[in-house]
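Analysis of the macromolecular model
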Amino acid sequence: QVQLVESGGGSVQAGGSLRLSCAASRSTYNMAWFRQAPGKEREGVAAISTGGGSTAYADSVKGRFTISRDNAKNTVYLQMNSLKAEDSAMYYCAARGAWYPAPLVPNLYNSWGQGTQVTVSS
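Chains are numbered independently. Their residues run from 1 in the order of the written sequence. Restriction of local features to residues with pLDDT of at least 70 applies here, the model being predicted, together with a cutoff of 80 or more for giving and counting side-chain atom pairs; totals for whole chains, interfaces and linings are based on all residues. Water and hydrogen atoms were dropped before computing side-chain values, which therefore reflect all heavy atoms in the structure.

Focus: the packing of aromatic side chains
We apply this condition: Only rings of Phe, Tyr and Trp enter the pairing, Trp through its six-membered ring, and a pair is recorded when the two centres are within 6.5 Å. The plane angle decides the type: under 30 degrees is stacked, over 60 is edge-to-face, the rest tilted. Numbering of helices and strands starts at the N terminus; helices are DSSP runs of H or I of at least 4 residues and strands are runs of E of at least 2.
Summed over the entire model, instances satisfying the criterion amount to 4 aromatic pairs. For the pair phenylalanine 34 and tryptophan 112, a centre-to-centre distance of 5.0 Å together with 50° between the ring planes defines the contact as tilted. With phenylalanine 34 in strand E4 (residues 30-36) and tryptophan 112 in strand E10 (residues 111-112), this residue pair connects regions lying 78 residues apart in the sequence. Both rings, one in tyrosine 92 and one in tryptophan 112, keep their centres 6.4 Å apart while their planes meet at 80°; by these two values the pair is edge-to-face. Taken together, the residues span a long stretch of sequence, with tyrosine 92 in strand E9 (residues 89-96) and tryptophan 112 in strand E10 at a distance of 20 residues. One aromatic cluster is present, formed by Phe34, Tyr92, Tyr109 and Trp112 through successive ring pairs.

Describing the pairing of strand E5 (residues 43-48)
Rules: Here's how the labels work: a residue is buried when its accessible area is under 20% of the maximum for its type, exposed when over 50%, partly exposed in between, all with a 1.4 Å probe on protein chains only. For two strands to count as paired, DSSP must find a minimum of two bridges between them.
Counting buried positions over the 6 residues of E5 gives 5, a clear majority of the element. As paired elements, E4 and E5 share 5 bridges and run antiparallel to each other. Each residue of the ladder has a partner; that of alanine 32, found in E5, is alanine 47. Between the end of E4 and the start of E5, which pair antiparallel, lie 6 residues, with glycine 39 showing a positive phi angle near 80°. Pairing between E5 and strand E6 (residues 55-57): 3 bridges, direction antiparallel. Across the sheet, alanine 47 pairs through a bridge with alanine 56, a residue of E6. Linking E5 back to E6 in an antiparallel pair, the connection comprises 6 residues, with glycine 52 at a positive phi of about 90°.

Looking at the sheet that holds strand E7 (residues 65-70)
Formally: Axis geometry follows a simple rule: fit a line to the C-alpha atoms, using only the stretch in contact for helices, then measure angles between N-to-C directions, giving values from 0 to 180 degrees.
Strand order across the open sheet formed by 4 strands is E1-E3-E8-E7, with antiparallel pairing between neighbours. Two strands close off the open sheet at either side, each with one partner strand: strand E1 (4-7) and E7. On average, each strand axis in the sheet is tilted by 15° relative to the strand beside it, whichever way the strands run. Where E7 and strand E8 (residues 75-80) come together, 6 bridges link them in antiparallel fashion. When the sheet's bridge partners are listed, threonine 66 is paired in E8 with glutamine 79.

Below, the structure written as structure tokens:
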């Protein structure tokens, strides 16, 4: 398994931006960001393949969020722009060995970070 540490969460007003970071102990994994709001199921936000050539996004964040990675730093980023109140949640970084199937399904990931809180006020 790989160890993951998220950072970059915080409080921001609607329309603002935040960049989340996930530092991994190794870079040879497909990575994804998930989020979970109180009383809701964990949902996939964005995923990126090991080399960065493939990405996937939830429909709710397309055009606003961008996932990227710097394998030299073993770090994956989630740039979040035009934030909305409904983006408020605990954001988790996850890793797994395979890209397929379903890169945004949380049950298919076996390594998780501790999470970082994002709060968007309207």
